[in-house]
Amino acid sequence: MRKLTYLIATSIDGFMADPDGDGDFFNDYLDPEYLGHLTTEYPETLPTHAHEMLGVDISTARHFDAIVMGRRTYDPALKMGIASPYAHLKQYVVTRSITIPPDPSVELISGDVAARVRELKAQDGLGIYLCGGADLAGRLVEEIDEFVIKTYPVLTGGGIPLTRAGFARRELELTGVKTFGGGQVVTTYARRR
C-alpha cells in the first residue's frame, strides 16, 4: 500500500501562507545547508523546471512517484506557462473549475477526491506527495499516512493554517526530527491507525 504524505512548510505558529495564500516568504530561509537537505532528501518535491538550476538529479526518486495538488497550488505554474510542473511525477490536480487538462500528463480529479486517493494508494509504486492547501489537506486528512512538517523560524500571527480539517484528535507518532543552523526544523510524523 502506498503512503500519502503531506509535506508542507509552516511558520512556528502553524501557518503555511499569508491570508492571501502567498508562502513565498519562506524562501528567505532557504540557506545552503537547508536547501541541500531538501534537494537530497526530497528532490521529487521540487518542480521539474527547478532541477537543473538547483543541480538536482531526479533520475532515482526517493519517496514519491505521484503528486496530488489543489487547483490553487497548480495555478502559479499555469500562469508561468508551465502546464506540467512536476513532469517527473504522475500529476493529479483536484479541481472543479478546470474541465480539460492543460497537459496530457495531468489528470484532473473533480469528484470524490478521497475515493480517488484510496485508489491511487492501492496501486503499486512509491509514495504520493500531497502538495495542496489547507482545504485539500482537510478533505484528505483521514487518508494522510505521514506528515513532513518543514517549520521555519518565523512567527506570522495569522494566515492560512496547515489544514482546515476541523477539530478532532488524530494520533501521530514522531518518526524523525532534523534541525538546521538557520533555525529550520523538519519533523516527520506517522499516522497511528
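Check the entry above for the structure.
Residues numbered from 1 in each chain as written. Predicted model: local features only at pLDDT ≥ 70, side-chain atom pairs only at ≥ 80, totals over all residues. Heavy atoms only, no water.

## Quick word on the overall build of the protein
Each helix and strand in the protein was counted, giving five helices and 10 strands. Here the C-alpha radius of gyration of the protein, 16 Å, is about what a compact globule of 193 residues would show, namely 16 Å. Dimensions of the protein along its principal axes, counting C-alpha atoms only, are 45 × 40 × 35 Å. Relative to its full complement of 193 residues, the protein shows a buried share of 45%. Sequence-distant contacts in the protein: of pairs separated by 6 or more residues, those separated by 24 or more amount to 67%. Entry remark: accessible area of the protein is about 9,900 Å², with carbon and sulfur atoms responsible for 52%. Each charge class in the protein can be summarised by its mean position, and for the 20 positive and 26 negative side chains these summaries are 7 Å apart. (Helix = DSSP H or I, 4+ residues; strand = E, 2+ residues; numbered from the N terminus. Rg over C-alpha atoms; globule rule 2.2 N^0.38 Å. Buried < 20%, exposed > 50% of the residue type's maximum accessible area, 1.4 Å probe, protein only. Contact = heavy atoms within 4.5 Å. Areas by Shrake-Rupley, 256 points an atom, 1.4 Å probe, with all protein chains shown as cover. Lys, Arg positive; Asp, Glu negative; His and termini not counted. Charge placed at Lys NZ, Arg CZ, Asp CG, Glu CD.)

## Notes on the packing of aromatic side chains
Following the criterion strictly, the structure yields eight aromatic pairs and no others. Among the aromatic residues, those joined into a ring-pair cluster are F25, F26, Y29, Y34, Y152 and F180. (Phe/Tyr/Trp six-rings, centres within 6.5 Å; stacked < 30°, edge-to-face > 60°.)

## Quick look at the sheet that holds strand β1 (residues 4-10)
Taken in spatial order, the eight strands line up as β5-β4-β3-β6-β1-β7-β10-β9 in an open sheet, and their pairing is mixed. Both edges of this open sheet fall to β5 (106-109) and β9 (172-179), since each of them pairs with a single strand only. Neighbour-to-neighbour, the strand axes of the sheet open up by a mean angle of 20 degrees, direction not taken into account. Across the sheet, helix α3 (residues 71-79) lies against β3 (64-70), β4 (90-94), β5 and β6 (127-131), angled at about 100 degrees from β3, the strand it touches most. (Pairing = 2+ DSSP bridges. Axes fitted to C-alpha atoms, helices over the stretch in contact; angles between N-to-C directions.)

## Concerning the side chain of K150
Inspection of the secondary structure puts K150 in strand β7 (residues 146-151). The charged side chain of K150 is buried without a salt bridge, its nearest counter-charge being D24 at 11 Å. Residues contacting K150, with those up to four places away along its chain left out, are L7, I8, A9, T10, Y34, L38, V185 and V186. (Salt bridge = Lys/Arg side-chain N within 4 Å of Asp/Glu carboxyl O.)

## Notes on the environment of I149
Checked against the element boundaries, I149 lands in strand β7. Exposure remark for I149: the relative accessible area of 12% places this residue in the buried category. Residues I149 and V185 lie 36 residues apart in sequence; the distance between their C-alpha atoms is 8.0 Å.

Function cannot be read off these values alone, since they describe shape.
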